[in-house]
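Descriptive analysis of the structure
Spelled out from the first residue to the last, the chains are:
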Amino acid sequence: MSPDKTQAKFADTRQKILDSARVIILGKGYAAVGLNEILTSAGVPKGSFYHYFKSKDDFGRVLLEEYFSEYLVRIESCLGNRELPAVQRLLNYFDHWLASQCSDCQEEKCVVVKLSAEVTDLSEQMRQTLQQGIQKVQARLTQCIVEAIDADELKLQQPPEELAHELYYMWLGATLVGKVNRTPDALQFCMRTTRQRLSANAIH
């Protein structure tokens with residue numbers, strides 16, 4: 001097999017492991033999942049995990065980096081749609097958050113909520129990756145808020161990044177409470193509060 005084909009096969013198998021692992025981990029958590037379970041699900045021979053990843057921590061880091069990379073691309077459909085006012089883009093983003101976290105589809109669930117409390121005490125490498133990913137999401141929300149201010153849609157008495165952090169933290173908390181209560185009530189309350197918060201600062 002040529003070097004290019006060998007490299008392509010390596011990358012393809014590595015991706016299969018990551019894709020299979022994400023679904024399993026979203027259901028069970030990180031620590032409860034064994035490497036053999038992931039490999040079996042991916043159709044990869046047992047015992048070959050360390051051929052593709054240096055360690056389980058390294059695997060977790062790559063899994064989180066990939067999640068945030070894909071997530072930031074996905075949210076551009078909401079936050080990057082310049083045909084809509086910036087405030088509407090923000091509301092669309094949180095509407096999608098509400099719908100996805102109330103969905104029965106595991107792949108739509110928030111990896112940050114699922115893993116943050118668990119892995120931050122287990123792996124410094126994964127904790128830093130979560131932190132960096134969260135900061136990128138908050139920066140993208142901040143950018144959209146700045147666009148709303150520049151377009152005279154919003155007038156704030158606080159820095160735009162402060163509002164972005166406030167909204168993001170509120171939604172993370174509501175998502176966690178929703179998991180505890182197994183109802184959408186906290187997220188629906190969060191959506192109403194977000195609409196009120198943006199409306200209160202709107203320029204009419």
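In what follows, the accompanying structure is described. Just so it is clear, the model here is predicted, and its values are computed rather than measured. (Residues numbered from 1 in each chain as written. Predicted model: local features only at pLDDT ≥ 70, side-chain atom pairs only at ≥ 80, totals over all residues. Heavy atoms only, no water.)

For the protein, the helix and strand inventory stands at 10 helices and 0 strands. In the protein, the order of α-helices and β-strands from amino to carboxyl end is α-α-α-α-α-α-α-α-α-α. A principal-axis box enclosing the C-alpha atoms of the protein has dimensions of 65 × 40 × 30 Å. Within the protein, buried positions represent 43% of all 204 residues. In the protein, the proportion of contacts linking residues at least 24 apart, taken out of those at least 6 apart, comes to 64%. Per element, the accessible surface of the protein, about 11100 Å² overall, is 52% carbon and sulfur. Considering the protein, the positive charge centre built from 24 side chains and the negative charge centre built from 26 side chains are found 5 Å apart. (Helix = DSSP H or I, 4+ residues; strand = E, 2+ residues; numbered from the N terminus. Buried < 20%, exposed > 50% of the residue type's maximum accessible area, 1.4 Å probe, protein only. Contact = heavy atoms within 4.5 Å. Areas by Shrake-Rupley, 256 points an atom, 1.4 Å probe, with all protein chains shown as cover. Lys, Arg positive; Asp, Glu negative; His and termini not counted. Charge placed at Lys NZ, Arg CZ, Asp CG, Glu CD.)

Moving on: the environment of D19. The residue D19 is located in helix α1 (residues 3-28) in this model. Along the sequence, D19 and A42 sit 23 residues apart, while their C-alpha atoms lie 7.9 Å from each other.

What follows concerns the pattern of salt bridges. If you walk through the whole model with that rule in mind, you get 12 salt bridges. Between E37 and K28 there is a salt bridge, with its nearest N and O atoms 2.7 Å apart. Three or more residues joined by partner-sharing salt bridges are found here, namely R22, E66 and E70. (Salt bridge = Lys/Arg side-chain N within 4 Å of Asp/Glu carboxyl O.)

Moving on, we come to the packing of aromatic side chains. Under the criterion given, the structure shown has 13 aromatic pairs. One aromatic cluster is present, built from ring pairs that chain together Y93, F94, W97, Y168 and W171. Just above the ring of Y30 sits the side chain of K56; from NZ or CZ to the centre is 4.6 Å. (Phe/Tyr/Trp six-rings, centres within 6.5 Å; stacked < 30°, edge-to-face > 60°. Lys NZ or Arg CZ within 6 Å of the ring centre and 35° of its normal.)

This paragraph deals with unusual backbone geometry. Phi angles above zero are rare outside glycine, and D152 is one such case at about 60 degrees. Position of D152 among the secondary structure elements: in the loop between α8 (124-150) and α9 (160-181).

Turning to helix α6 (residues 86-101), a few remarks are in order. The terminal C-alpha atoms of α6 lie 23 Å apart, and with 16 residues this matches the ideal 22 Å at 1.5 Å per residue to within 8%. Within α6 the residues assigned to the buried category are A86, V87, R89, L90, L91, Y93, F94, W97, L98, S100 and Q101. On its buried face, α6 is in contact with α4 (56-74), α5 (76-79), α8, α9 and α10 (185-200). (Expected span 1.5 Å × (residues − 1).)

The next thing to look at is the nonpolar core. I17, F59, Y93, W97, V112, L141 and Y168 are the most contacted members of the largest nonpolar core, which has 62 residues in total. Beyond its immediate sequence surroundings of up to four residues, L141 is in contact with L79, L90, Y93, F94, A164 and Y168. (Core = buried A, V, L, I, M, F, W, Y, C linked by side-chain atoms within 4.5 Å.)

What follows deals with the environment of W97. Looking at where W97 falls in the secondary structure, it is placed in helix α6. By relative accessible area, W97 is classed as buried at 4%. As a C-alpha pair, W97 and M191 span 94 residues in sequence and 9.4 Å in three-dimensional space. In contact with W97, not counting residues within four places along its chain, are Y71, Y168, W171, L172, T175 and L187. Side chain to side chain, W97 and T175 meet in a polar contact 2.9 Å long. (Polar contact = N/O pair within 3.5 Å; in protein donor to acceptor, adjacent residues only side chain to side chain.)

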